[in-house]
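Residue-level listing of the chains:
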Amino acid sequence: MRIIETVEELRSLVGHEVAVGEWFTVEQSRIDAFADATGDHQWIHRDVERAKTESPFGCTIAHGFLTLSLLSSLSHDCFEIRGDFKMRINYGLNRVRFAAPVLAGSRIRPRFTLQTFEAIEEGYQLVWAVIVEVENKQKPALYAEWLVRLYL
C-alpha cells in the first residue's frame, strides 16, 4: 500500500508509476454476479460447459466492463491519497481498450501512472493511465485513462 501524504507529493508524481496492485482472482461467482447486476448473460460469460467446447478460450471470460468496474476497488487496495477531501469521485474515462480477455479464475493486477494533476475550482482533477495485467500473459486485459476528482 502506497501512502501519498500531501497534495504536493501527489503533484510531484505526474509522469510516474505510482502503484502496482496485488494479484486479484476473478472468480466465476463474481462474473455471474456482474451478469446478474447488469443483465448481460451472454453465454461466453455464464455457460461454463458451452464455453469449454465453443469458446476460443476454452472457458468463460469476465465482462470487459467488470474488469473496468474493479478499478475503484483495486486502486483503494494499492494506494491512498491522504487529505481533507469532502469526496472523491469517478469523473469518467477518456479512453478504454479491452485488449485481451480475462478468463474465469485468472489473476489480474493494476498498474497506476499519474498522467496529469490539475487544480480545478473545487479541488483537483487527476488523470490516471491504468493498465490491468493478466498473470502469465504478455498482453494486458485493459488500458484506460481514468479521470478522478478530489473535492475540497
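Treat the numbers as computed from the prediction; the structure is a model and nothing was measured.

J.: What should I look at first to understand unusual backbone geometry in this one?
T.: With the exception of glycine, the majority of residues adopt a negative phi angle, and the majority of peptide bonds are in the trans configuration. Of note, the phi angle at Asn 136 is positive, near 65 degrees, even though the residue is not glycine. Summarising the element assignment, Asn 136 is placed in the loop between β7 (123-134) and β8 (142-151).

J.: Hey, could you run me through the pattern of salt bridges in this one?
T.: One pass over the structure, following the stated rule, counts 10 salt bridges. As a salt-bridge pair, Arg 46 and Asp 32 come within 3.0 Å of each other at their nearest N and O atoms. Of this pair, Arg 46 sits in helix α3 (residues 43-46) while Asp 32 sits in helix α2 (residues 28-38), and the two are 14 residues apart along the sequence. What makes Arg 46 partly exposed here is its relative accessible area of 30%. In this structure, Glu 54 and Arg 50 form a salt bridge, with 3.1 Å as the shortest nitrogen-oxygen distance. Residue Glu 54 and its partner Arg 50 are located together in helix α4 (residues 48-54), separated by 4 residues, close to a single helical turn. Exposure remark for Glu 54: the relative accessible area of 48% places this residue in the partly exposed category.

J.: Can you walk me through the packing of aromatic side chains in this structure?
T.: We describe a pair of aromatic rings using the distance from one ring centre to the other and the angle between the two ring planes. Summed over the entire model, instances satisfying the criterion amount to 6 aromatic pairs. Their ring planes at 70 degrees and their centres at 5.2 Å tell us that Phe 79 and Phe 112 sit as a pair that is edge-to-face. On the criterion of sequence distance, the pair formed by Phe 79 in strand β4 (residues 79-81) and Phe 112 in strand β6 (residues 107-120) is long-range, its members being 33 residues apart. A residue is classified by how much of its surface remains accessible, and Phe 79, at 8% relative accessible area, is buried. Pairing Phe 112 with Trp 128 gives two aromatic rings, centres 6.1 Å apart and planes at 85 degrees, and the pair type is edge-to-face. Taken together, the positions of Phe 112 in strand β6 and Trp 128 in strand β7 put the pair 16 residues apart, joining distant regions of the chain.

J.: Before we go on, may I ask you to explain the nonpolar core in this structure?
T.: The nonpolar side chains of soluble globular proteins are, as a tendency, buried together. Residues Leu 10, Phe 79, Ile 81, Ile 108, Leu 126 and Trp 128 are the most contacted members of the largest nonpolar core, which totals 36 residues. It is β7 that provides the largest number of residues to this core, a total of 6 residues. Apart from the residues within four sequence positions on either side, Ile 108 is in contact with Glu 22, Trp 23, Phe 24, Val 26, Thr 67, Leu 70, Leu 74, Val 102, Val 132, Glu 133 and Val 134.

J.: What is the right way to look at the pairing of β7 in this model?
T.: Side-chain positions along a regular strand alternate between the two faces of the sheet. Burial runs high along β7: 9 of the 12 residues are buried. Two elements, β6 and β7, share 12 bridges in a ladder whose sense is antiparallel. Considered in β7, the bridge of Ile 120 is made with Gly 123. Here 10 bridges tie β7 to β8, and the two strands are oriented antiparallel to one another. In the sheet register, Tyr 124 faces β8, and the bridge partner there is Leu 150.

J.: I would appreciate a short explanation of the environment of Ala 35 in the present structure.
T.: As for its position among the elements, Ala 35 is in helix α2. Classification of Ala 35 as buried rests on a relative accessible area of 0%. Sequence separation between Ala 35 and Pro 110 is 75 residues; the distance between their C-alpha atoms is 22 Å. If sequence neighbours within four positions are ignored, Ala 35 has contacts with Asp 40, His 41, Arg 46 and His 63.

J.: How should the side chain of Ser 55 be read in this particular structure?
T.: Assignment of secondary structure puts Ser 55 in the loop between α4 and α5 (64-69). Judged by relative accessible area, Ser 55 falls into the buried class, the value being 8%. Within polar-contact distance, the side chain of Ser 55 engages the backbone nitrogen of Phe 57 at 3.0 Å. Among the polar contacts listed, one links the side chain of Ser 55 to the backbone oxygen of Cys 59, at a separation of 3.5 Å.

Scoring rules and cut-offs
- Residues numbered from 1 in each chain as written.
- Predicted model: local features only at pLDDT ≥ 70, side-chain atom pairs only at ≥ 80, totals over all residues.
- Heavy atoms only, no water.
- Helix = DSSP H or I, 4+ residues; strand = E, 2+ residues; numbered from the N terminus.
- Salt bridge = Lys/Arg side-chain N within 4 Å of Asp/Glu carboxyl O.
- Buried < 20%, exposed > 50% of the residue type's maximum accessible area, 1.4 Å probe, protein only.
- Phe/Tyr/Trp six-rings, centres within 6.5 Å; stacked < 30°, edge-to-face > 60°.
- Core = buried A, V, L, I, M, F, W, Y, C linked by side-chain atoms within 4.5 Å.
- Contact = heavy atoms within 4.5 Å.
- Pairing = 2+ DSSP bridges.
- Polar contact = N/O pair within 3.5 Å; in protein donor to acceptor, adjacent residues only side chain to side chain.

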